[in-house]
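Fold and contact review
Residue strings, one per chain:
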Amino acid sequence: PEEDMDSDQDAVPMAAEPLQPDSSADQFRAPLTESSQEGGASAVVDWDQLIVRLRDETLIRDIVPIFLSDSQEQFATLADAMQRTDMKEVQRHAHAIKGAAANVGARPLSDMAYRLECASRDHDMDVVTSSYEALLLGFDELCSFLSQPNWMDIAKHQQTISNEANAAPAAHGP
């Protein structure tokens with residue numbers, strides 16, 4: 001929640017350092033997500049979604065560490081709810097993670113949280129368990145991505161490639 005954002009005085013904004021001209025293309029490779037393993041490239045952070053929501057790179061630098069801190073707490077309470085098999089609490093925490101992830105452009109994580117939210121609402125324990133495990137992996141992947149000092153530049157580059165790939169079929173005429 002937005003009111004909780006101001007209470008986290010210990011959050012340290014991550015710096016987005018500019019790319020060096022001689023940087024290799026390897027630094028722009030997206031970490032593997034569920035969809036990239038299935039053949040479609042999927043970025044951990046959807047830059048277009050993130051910049052549309054927050055509109056300012058300075059705000060993004062300020063919000064992301066708060067998101068990470070708040071998410072650590074959400075995941076801790078989610079783990080407790082999973083251990084107790086309290087599906088109502090699992091659903092509540094999955095819903096909160098889904099919204100928070102969407103707010104920072106972490107669409108794959110938001111989608112994973114949505115699957116967990118639905119499965120917990122339906123009390124489908126097999127899907128709850130697999131969705132929870134996928135969500136944990138997705139969060140680890142997101143944290144790893146966001147820990148890179150130039151993550152914003154990488155996200156922008158991945159978005160550019162994605163936008164070009166999506167526009168390419170339209171560019172080829174009959």
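Structure report, in brief. (Residues numbered from 1 in each chain as written. Predicted model: local features only at pLDDT ≥ 70, side-chain atom pairs only at ≥ 80, totals over all residues. Heavy atoms only, no water.)

With that out of the way, let us pick up the packing of helix α4 (residues 57–83) against helix α7 (residues 125–146). The geometry of α4 relative to α7 is characterised by a closest axis approach of 12 Å and an angle of 155 degrees between their N-to-C directions. Between α4 and α7, the interaxial angle falls into the category roughly antiparallel. Considering only the axes of α4 and α7, their crossing is left-handed. Between α4, through V64, F67, L68, S71, Q72, F75, L78, A79 and M82, and α7, the contact on the second element is made entirely by V128, T129, Y132, L135, L136, F139, L142, C143 and L146. When its residues are assigned to classes, the contact of α4 with α7 shows 15 nonpolar, three polar and no charged. (Axes fitted to C-alpha atoms, helices over the stretch in contact; angles between N-to-C directions. Helix = DSSP H or I, 4+ residues; strand = E, 2+ residues; numbered from the N terminus. Parallel < 35°, antiparallel > 145°, perpendicular 65-115°, else oblique. Left-handed = near helix turned anticlockwise from the far one by under 90°. Contact = heavy atoms within 4.5 Å. Nonpolar A, V, L, I, M, F, W, Y, C, P; charged D, E, K, R; others polar.)

What follows covers the environment of S131. When you line up the elements, S131 lands in helix α7. Look at S131 and you get buried, because its relative accessible area is 8%. The spacing of S131 and Y114 is 17 residues in sequence and 9.1 Å in space, taken between C-alpha atoms. The residues touching S131, leaving out its near neighbours within four places in the chain, are R115 and L116. (Buried < 20%, exposed > 50% of the residue type's maximum accessible area, 1.4 Å probe, protein only.)

So, about α4. Taking 1.5 Å as the rise per residue, α4 with 27 residues should run 39 Å; its terminal C-alpha atoms sit 38 Å apart, in good agreement. All of the buried residues along α4 are I60, I63, V64, P65, I66, F67, L68, S71, F75, L78, A81 and M82. Here α4 starts with a cap whose side-chain oxygen sits 2.9 Å from the backbone nitrogen of T58, and that cap is D56. In the segment just after α4, T85 is the residue with positive phi, at about 50 degrees. (Expected span 1.5 Å × (residues − 1). Polar contact = N/O pair within 3.5 Å; in protein donor to acceptor, adjacent residues only side chain to side chain.)

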